[in-house]
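As a plain string of letters, each chain reads:
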Amino acid sequence: AMARDVATVLEELDLRDAIVVGHSLGGMVLGRFAVQHHDVLRERVTGVLFLATSAASLSIKGLAGGLATLSAVMARAGRAALRRPQLAYPWKDTDASAALVRVAFGRRATARMVDDVRQMLAACPSQTVAEAGVAIAEHDVRDALGTMEVATTVVVGDEDRLTPPGHARLLAELVPGTELVELAGVGHQVMQE
C-alpha cells in the first residue's frame, strides 16, 4: 500500500526528475515501489537513495551482524499483536522503551535523539507498529531490483545494528552502478546522527 502511495504522490503532483529517499522501512517501501511501479519510476524519478535499509528481511541467511536474528521474532510478535491488540508493546515513557530505542543509534547519540524517536513510536498506533513489524519481516525484493535504471545511492552507518552494513552492501550489489556510502560512527538514525 505504501509503495502505491509513492506512485500516487508522484503522479498526482505530476513530479518529474524526482529524487526519492527511503529510510529504514521507508527504504523497503522504496524498493517495493521500484519493483511494483517500474513505469512510474522510469518516467518520474531521476534517482533513489536507500538510507539504512535492506532489500530483504533482516534475517538474510548468511548475513551476520546486528539484530538480524530478531526478524522472525518481530514477525511473530507483530502477527500476535494484530490478532490480540493487548499484546502490542506500548511505547510509553519508560526505561525499557528508551533502551529499546537506544539500539537504533551509534555511540554519539544524545538523550534527546533517543527520546525524539521514542516519542515518535509512542504516537504511532500500535496496530500500525505491528503491521510494520510483519512487513519488515516478510520484505524481499532482491530478485527484482536489478532492473532499476535510475541513479542509486545506498547509505549506511557503520554502527547500524538494525540494518547492518552487510545489508547495504548486498543492496548496492543488486542495483547496477550503485554508489555505496558507509558513514563512520553512525547508527541506524542517520538523519539525527
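Scoring rules and cut-offs
Residues numbered from 1 in each chain as written. Predicted model: local features only at pLDDT ≥ 70, side-chain atom pairs only at ≥ 80, totals over all residues. Heavy atoms only, no water. Pairing = 2+ DSSP bridges. Helix = DSSP H or I, 4+ residues; strand = E, 2+ residues; numbered from the N terminus. Axes fitted to C-alpha atoms, helices over the stretch in contact; angles between N-to-C directions. Contact = heavy atoms within 4.5 Å. Salt bridge = Lys/Arg side-chain N within 4 Å of Asp/Glu carboxyl O. Buried < 20%, exposed > 50% of the residue type's maximum accessible area, 1.4 Å probe, protein only. Expected span 1.5 Å × (residues − 1). Parallel < 35°, antiparallel > 145°, perpendicular 65-115°, else oblique. Nonpolar A, V, L, I, M, F, W, Y, C, P; charged D, E, K, R; others polar.

Draft legend 1. Just the sheet that holds strand β3 (residues 151-157), in detail. Strands sit in the order β1-β2-β3-β4 across an open sheet of 4 strands; the sheet is parallel. Whereas interior strands pair on both sides, the edge strands pair on one side only; in this sheet they are β1 (18-23) and β4 (179-183). Averaged over all pairs of adjacent strands, the angle between strand axes in this sheet comes to 15°, irrespective of strand direction. With 5 bridges connecting them, β3 and β4 associate as parallel partners. In the sheet register, V156 faces β4, and the bridge partner there is E182. Here helix α2 (residues 25-36) sits on the sheet and contacts β1 and β2 (45-51); the angle it forms with β1, its principal contact strand, is near 130°.

Draft legend 2. Main features of the pattern of salt bridges. Inspection of every chain in the model, using the stated rule, returns 9 salt bridges. One salt bridge connects R44 with D14, and the closest N-O pair in it is separated by 3.0 Å. Of this pair, R44 sits in helix α3 (residues 38-44) while D14 sits in the loop between α1 (2-12) and β1, placing them 30 residues apart in sequence. The partner of E182 in a salt bridge is R169, with the nearest N and O atoms 3.0 Å apart. Remark: R169 occurs in helix α8 (residues 165-174) and E182 occurs in strand β4; sequence separation between them is 13 residues. The partly exposed category is assigned to E182, whose relative accessible area is 36%. Within this structure, D14, R16, E43 and R44 form a network of salt bridges that share partners.

Draft legend 3. Geometry of helix α7 (residues 126-138). In this model α7 runs 19 Å from its N-terminal to its C-terminal C-alpha over 13 residues, within 8% of the 18 Å that 1.5 Å per residue would give. Among all positions in α7, only A130, A132, G133, V134, I136 and A137 are buried.

Draft legend 4. Layout of the packing of α1 against α2. Look at α1 against α2: their axes get within 8 Å of each other, and the N-to-C directions meet at 70°. When the axes of α1 and α2 are compared, the pair comes out roughly perpendicular. In contact with M2, A3, V6, A7 and L10 of α1, α2 contributes L25, V29, R32, F33 and Q36. Among the residues forming the contact of α1 with α2, the class breakdown is 8 nonpolar, 1 polar and 1 charged.

Nothing here speaks to function; it is geometry throughout.
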